[in-house]
Structures are given as C-alpha cells and as structure tokens.
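# Results of the structural survey
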Amino acid sequence: MSKDSKAILNAQNQTDLQRLTNKSFAELIQEFLITKKSSQTQKAYKKDIETFFAALQITSVGELAALPVHEISKQVIWYIESYKKTEAHRVDRVHNPRTLNRKAYALSSFFEYLVANYGYPRNPVKVYTPYSTPDKTSTQDLEKEEVEAIWSYVKEQMSMAKSDYKKLSSFQQLLIFGFLMLSLRRNEIAHLRWDDRDKAKNFITVYGKWQKYKYLPLNFKIQEYLEEFERNKRIQWFISPYIFSPLRNNSTWDTTKPISGTYIFNLVKKVVMKLQIAGKIEDEKNITPHSFRTTFVKMALDSGKTDIEIMNTTWHSTSQMVKYYDSRSPLEVNAASVVDELLG
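Residues numbered from 1 in each chain as written. Predicted model: local features only at pLDDT ≥ 70, side-chain atom pairs only at ≥ 80, totals over all residues. Heavy atoms only, no water.

### Re the overall build of the protein chain
Within the protein chain, the secondary structure is distributed over 15 helices and five strands. The C-alpha radius of gyration of the protein chain comes to 25 Å, more than 25% above the 20 Å expected for a compact globule of 344 residues. For the protein chain, the spread of C-alpha atoms along the principal axes amounts to about 75 × 70 × 40 Å. Counting over 344 residues, the protein chain shows a buried share of 40%. Put simply, 62% of the contacts in the protein chain that link residues at least 6 apart link residues at least 24 apart. Side-chain charges in the protein chain split into 50 positive and 39 negative, and the spacing between the mean points of these groups amounts to 5 Å. (Helix = DSSP H or I, 4+ residues; strand = E, 2+ residues; numbered from the N terminus. Rg over C-alpha atoms; globule rule 2.2 N^0.38 Å. Buried < 20%, exposed > 50% of the residue type's maximum accessible area, 1.4 Å probe, protein only. Contact = heavy atoms within 4.5 Å. Lys, Arg positive; Asp, Glu negative; His and termini not counted. Charge placed at Lys NZ, Arg CZ, Asp CG, Glu CD.)

### Some points on the side chain of aspartate 48
For aspartate 48, the position within the fold is in helix 3 (residues 39-55). On the accessibility criterion, aspartate 48 (2% relative accessible area) is buried. If we skip the residues at most four places from it in the chain, aspartate 48 touches Tyr79, Arg102, Lys103, Ala106 and Leu107.

### Side note on the sheet that holds strand 4 (residues 203-207)
The three strands lie next to each other as 3-4-5, forming an open sheet whose pairing is antiparallel. Two strands bound the open sheet, and with one partner strand each, they are strand 3 (197-198) and strand 5 (213-217). Where strand 3 lies against strand 4, two bridges are found, and the strand directions are antiparallel. Bridge pairing links arginine 197 to isoleucine 204 in strand 4. (Pairing = 2+ DSSP bridges.)

### Here's the deal with unusual backbone geometry
Of note, glutamine 57 is a non-glycine position whose phi angle comes to about 60°, a positive value. Inspection of the secondary structure puts glutamine 57 in the loop between helix 3 and helix 4 (61-66). You can call glutamine 57 exposed: its relative accessible area is 67%. The phi angle at tryptophan 237 is positive, at roughly 60°, despite the residue not being glycine. The topology assignment puts tryptophan 237 in the loop between helix 10 (220-235) and helix 11 (261-277). For tryptophan 237, a relative accessible area of 71% translates into the label exposed.

### Quick notes on the pattern of salt bridges
For the structure shown, the criterion picks out 18 salt bridges. A salt bridge links glutamate 81 to lysine 84; its shortest N-O distance comes to 2.8 Å. What makes glutamate 81 partly exposed here is its relative accessible area of 29%. Of the charged contacts, one joins lysine 214 and glutamate 188 as a salt bridge, the two residues approaching to 3.1 Å between their closest N and O atoms. Here glutamate 188 lies in helix 9 (residues 186-190) and lysine 214 lies in strand 5, a separation of 26 residues in the sequence. Neither residue differs from the other here; lysine 214 and glutamate 188 are each classed as buried. Linked by salt bridges that have partners in common, Arg197, Lys199, Glu227, Glu230 and Arg234 make up one network. (Salt bridge = Lys/Arg side-chain N within 4 Å of Asp/Glu carboxyl O.)

### Focus: the pairing of strand 2 (residues 90-94)
The sheet contact formed by strand 1 (residues 86-87) and strand 2 spans two bridges and is antiparallel. Bridging from a neighbouring strand, threonine 86 pairs with valine 94 of strand 2. Connecting strand 1 to the antiparallel partner strand 2 that follows it, the hairpin turn spans two residues.

### Let's talk about the nonpolar core
Core analysis: the biggest nonpolar cluster contains 43 residues, and Ile150, Phe177, Phe179 and Phe244 have the highest contact counts within it. Only helix 7 (144-160), helix 8 (164-181), helix 9, strand 4, helix 10 and helix 11 provide two or more residues apiece to this core. Of all the elements, helix 8 adds the most residues to this core, at eight residues. Beyond its immediate chain neighbours, meaning those up to four positions away, isoleucine 150 contacts Leu142, Phe177, Val271, Val272, Leu275, Ile281 and Phe292. Counting 32 residues, the second-largest nonpolar core is a separate cluster that includes Phe25, Leu28, Tyr79 and Phe111. (Core = buried A, V, L, I, M, F, W, Y, C linked by side-chain atoms within 4.5 Å.)

### With respect to helix 3
For helix 3, spanning 17 residues, the distance from its first C-alpha to its last is 24 Å, which sits close to the expected 24 Å at 1.5 Å a residue. Where helix 3 is buried, its residues touch helix 2 (25-33), helix 4, helix 5 (69-81) and helix 6 (97-118). Glutamine 57 sits one or two positions beyond helix 3 and adopts a positive phi of about 60°. (Expected span 1.5 Å × (residues − 1).)

### Re the confidence of the model for the protein chain
Low-pLDDT portions of the prediction should not be read for the details of their coordinates. When pLDDT is averaged along the protein chain, the result is 87; 92% of the residues meet or exceed 70. The lowest-confidence element of the protein chain is helix 1 (residues 3-21), averaging 53 in pLDDT; the highest-confidence one is helix 11, averaging 95. (pLDDT = per-residue confidence, 0-100.)

### Here's the deal with the packing of aromatic side chains
Tallied over the entire structure, the rule returns 25 aromatic pairs. Ring geometry for phenylalanine 52 versus phenylalanine 53: centroids 5.1 Å apart, planes at 65°, classification edge-to-face. Directly above the ring of tyrosine 83 sits lysine 103, whose terminal nitrogen or CZ lies 4.2 Å from the centroid. Sitting above the plane of the tyrosine 242 ring, arginine 193 keeps its charged end 5.0 Å from the centroid. (Phe/Tyr/Trp six-rings, centres within 6.5 Å; stacked < 30°, edge-to-face > 60°. Lys NZ or Arg CZ within 6 Å of the ring centre and 35° of its normal.)

Here it is, written out as structure tokens:
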C-alpha cells in the first residue's frame, strides 16, 4: 500500500472514530442491536454488553475510544472469567462453558460492528479462546408417562372449568401443550396465526428461529381442537389474528396481540410443579418448554423415525443436531448388546 493510500485510510479511520465518539452509549448499542433479527438475541446481547461496560465503569463512548485495545482485551478476559464456575478440587473442569462462550460472542459481535462501521482498530475479544462444550444437550426430558400426565391434567382442568372464560383459558393451555409436544419453541407457538393454517392440507406454517419458515403437519386431534377453540373464541368475542392471545389484559386491554413466550414458560413451570407435588413427575427434574423439544427427539428415535423425518419436524439443519438432542443414555442405546447373542 502506498503512503498516500495509508494516509487516506488513516484519515478515514479518524473520521469514523470521530463519528463514534459523537454518539451516546445507548444510541450505539441500539444501532448495533437492530442488526440482530431475533428479539431474544437483542435482549440477551443488550444485557451482556451493558453489564460488561458497567463492570469496567465505562460510561461513555469517548471513554471506550480512549482506552487502548490491548487494555480492553485484558478486561474482556477478566469479565468472562468472573462468571466461570468450576469444581473446588478441579478448577480445569468448567461447569458453564456455554454461558461464558455466549457472553464472549455477544461482545465480539458488538466490537466487530464497531470495526466494520466506525474504524475501531480491531476486535479485542479475539484473544478469548472459547471453552469446549458438551456434545449433548443439558436440557432435561420427560418420560412418556410424564407427558401423558401433563396432557391428562390440562384436559381435566378444562373439563372441570365452571365458566366459559375458564373453559376457554384451559382450552388455550391444552393447545399450547399440544404444540409443545410437536417440538415447537415457545416463541414460535406464541406467534402462530390463524391464517398460517392450511385447512385443506392439514398443516401449519411456522415462522421460526433464524427467520426460517417451516411446515408442520397437524394430526386430526390437533386440527379438531383448533376448530373448536376458534369457534369458542369467536362466540366469546375474543377476536385476534393470533391463535393464542391474552384472554385478559388489565394493563393495556389489548386482547388482539399474541401471548408472550414468558407466559408459556410460566405455564409449563406451574403445571409441572403441581404434577411434581402429586408425584407424577420426578421432583429433581427442571422442566422447561425446551424439555418438550428434547423429549420429542428421544421419543421419535425410540419409535424408529429417521433423522430426516425428525429434522422435518424440528427443522434442524443437520443430523448432528438430532444427536445433540438425543437424551437417551448411551449405556441403553448401545450396540454392545449384540455380543449377548454371540455368547448365547
């Protein structure tokens, strides 16, 4: 590169850095977050970025721009390591590698944005070496009997409901669990729309993670429940483009918007806790909406479904992800059993 070219590049970088220092922290972070399409990703990244700079006591873009990059690198390592959980007598065994890597990726993505758009010298997070992570999900699953217990409990609540409102509320919860059992994520369920259904071909279009559209066949029972649920909502004048909308909203009175993923999370925790108290689900299990996704993969594999069939439901892109969600014990699903036949 010629001296003139270097001079032009340096001048441009200085101009970009000046534009950077003219912004407030809030503006800069919001500008970055807009580049992330997922609202969940935006929320997680915002928290990690703001927590990092608060820990460093950096309160302005000017303070950030004035710090040498190598100093920021040291602070990145310190910040991430401060969240590390290890065994008392074996500090090399890290219990939360995914959490640490996620925080590092959030910060790295932010600094890459500054490098690309404001001539920031380089990404200070590059010095971080990601921790290796387990090749199996840590999400706990449910046994078939436990899934049946959940389904029976919610159906019973619906049959015991004394008012039309209570019956409709229980009906909505029943359908939510039905879609969870079909391996949908909670935010995918929350944003299902009535016009996503194809009644003639019995499937529903799901707008999923990474802005992917997936197509899910609906069995006869779910179709039947949806038809009845839609009729009951119209009878009670709960009109919404979304299948699952608030039946009561004391803050805004808006019952046309979709329910939230948080509502589904809390619903699962509430029902599971009741069944754990009743002894129908193991007490030690930490069951979340994502547990149904892991449970689906396990049960599909047990029933002899192929990876392709499972991926067409879960919408994973590789068989490796099916293996990742296969929560079955490698001691039980093991070819070593064939030796018994040889030994008689």
